[in-house]
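Residue strings, one per chain:
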Amino acid sequence: MTKKISLSVIAVLLSVVGFAQQVDYELYTLDNGLDVILHQDKTAPVVTVGVMYHVGAKDEVEGRTGFAHFFEHLLFEGTENIERGEWFDIVSANGGQNNANTTFDRTYYYETFPSNNLELGLWMESERMLHPVINQIGVDTQNEVVKEEKRTRVDNAPYGKIIYSTGINPYLFEKHPYKGSVIGTMDDLDAAELDEFLDFFDKFYGPNNATLVIAGDIELDQTKELAEKYFGSIPRGKDVSRIKIEEEPIEKTIVATEYDDNIQIPAKIFVYRTPGMGDRDTYVLDMISSILTDGKSSRMYKRLVDDEKIALQVLAFGNTLEDYGTYVMGGLAMGDADLSELGTSIDDEIEKLKTELISEREYEKLQNKFENRYVSSNASIQGIASSLATYHVLYDDVDLVNKEIEIYRSITREEIKEVANKYLNASSRLDLDYLPTPKDQ
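Source: prediction; values computed, not measured.

How each quantity is defined
- Residues numbered from 1 in each chain as written.
- Predicted model: local features only at pLDDT ≥ 70, side-chain atom pairs only at ≥ 80, totals over all residues.
- Heavy atoms only, no water.
- Pairing = 2+ DSSP bridges.
- Helix = DSSP H or I, 4+ residues; strand = E, 2+ residues; numbered from the N terminus.
- Axes fitted to C-alpha atoms, helices over the stretch in contact; angles between N-to-C directions.
- Contact = heavy atoms within 4.5 Å.
- Buried < 20%, exposed > 50% of the residue type's maximum accessible area, 1.4 Å probe, protein only.
- Core = buried A, V, L, I, M, F, W, Y, C linked by side-chain atoms within 4.5 Å.
- Salt bridge = Lys/Arg side-chain N within 4 Å of Asp/Glu carboxyl O.

Further remarks concern the sheet that holds strand β1 (residues 26-29). Sheets are built from strands paired through backbone hydrogen bonds, the pairs being either parallel or antiparallel. Judged by pairing direction, the sheet is mixed, and its six strands sit side by side in the order β1-β2-β6-β3-β5-β4 without closing on themselves. The sheet is open, and its two borders are formed by β1 and β4 (97-102), each paired with just one other strand. Sheet twist, expressed as the mean angle between neighbouring strand axes with direction ignored, is 15°. Pairing of β4 with strand β5 (residues 107-114), which is carried by six bridges, proceeds in the antiparallel orientation. Along β5, the bridge assignment pairs Q97 with T112. In the packing of helix α2 (residues 67-74) onto the sheet, contacts are made with β4 and β5, and the angle to β4 comes to roughly 165°.

The subject of this paragraph is helix α16 (residues 400-410). Inspection of α16 places L400, V401, N402, E404, I405, I407 and Y408 among the buried residues, and these make up the whole buried set. In the core, the buried residues of α16 are packed alongside α11 (280-293), α14 (360-377) and α15 (381-393).

Let's shift gears to the nonpolar core. Judged by nonpolar contacts, the single largest core of 59 residues is most densely connected at I288, Y327, M329, I416 and L424. Beyond its immediate sequence surroundings of up to four residues, I416 is in contact with V284, I288, I291, L353, I358, L366 and I411. Counting residues in hydrophobic clusters, the runner-up holds 50 residues, among them V49, F76, L118 and F197.

Located in the positive-phi region is Y159, a residue other than glycine, with phi close to 60°. Mapped onto the secondary structure, Y159 falls in the loop between α5 (136-155) and α6 (160-163). Despite not being glycine, K309 has its phi angle at roughly 55°, a positive value. Examined against the element boundaries, K309 turns out to sit in the loop between α12 (299-307) and β9 (311-320).

Once that is clear, we can look at the pattern of salt bridges. Following the criterion strictly, the structure yields 36 salt bridges and no others. Among the ionic pairs, K58 bridges to D323, the shortest N-O distance being 4.0 Å. With K58 in the loop between β3 (46-53) and α2 and D323 in the loop between β9 and β10 (324-333), this residue pair connects regions lying 265 residues apart in the sequence. On the basis of relative accessibility, which here comes to 10%, the residue K58 falls in the buried class. Linked through salt bridges whose partners overlap, the residues forming this network are R303, E308, D348, E349 and K352.

This paragraph deals with the environment of S410. The topology assignment puts S410 in helix α16. Its relative accessible area of 35% is what places S410 among the partly exposed residues. Remark: the alpha-carbon pair of S410 and S340, spanning 70 residues in sequence, is separated by 36 Å.

Below, the structure written as structure tokens:
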């Protein structure tokens, strides 16, 4: 669950849009192992302070799922110097906003303040790292919050098993923790003892498993002194060791049916397992998604929605994670259209990508879209801060904030065809019929 307090003035100041430009940054490491990234931008008098911990749902053990997401909530409970329930009041009273989010691979907390409150943001995040109060009342309170979130955002969300991958990943992963879900199971959280939560914090939330990012209207030398003041004395945590878990290739179509109480329109879904973050092929697949379903002029939209009128909507997107990714495509059936008919038309469009080069005009349009997306991603201090932390923690290459657009620019029409042939094969995918739950069930 994400938590946010927003002020309209801050929101306006964060919407600083400009042309694609170099993002200057400085990366260094404190003696306790905390990586620090600084980015100075005096366009607006705001500053974002964020901490990304390299811990997510994939770091949990069998029988104790949901811990990383649970801590996203738990670490707002309070600290030795911040009273329980006061976190959001402090942020709001000082003209700021904050948020947090969790994936399979990392957890990210941040505050954005007027720049004269930089020190407050650093103090609050250092308090979260050094002095969190983890007690039974906090665990019990957040347990109920997470249960409600699971009910409303996951269990009762239309097409939630696709959006949150709970109806996808168990078919594509047999060994890897990606087979589970970020939110975990309530039975696991209910069964967990307080000592287990304390142990989880001690294992993963030390400075040597974290990256502090400070971006915005800052003075670099002063900010370095403040980072050392608030984080330098925090003791180094345990060294985190991870075992790389490899899945066997999928060599036969996985055919499955999933039911959803919250929908009335069935969907045909194809899903492929893909490489992890940083692999060049994931960038090419991103472009393939755009070709197939990005906008009303995209190939699948024009064919299935406009021409054949067998789909209400189409989709194609990648969910790229640190170790592996998934690539999802499909369509929502229009009226009485048969799902097999949708599947045939989708496969036909895939086959065209595998056998014919996209046109020069389509290629130019594609490059323009990704150039615009790049500009938008670096249009706010919050966006830049998140990108800097993500590229460092998950890609081990902060300079991707500047270089990633060059990867997209270098992708050729021939490469698009090659990657389509490499991954988009019926024998190595999940073929999913996603249906409304029958009324008699």
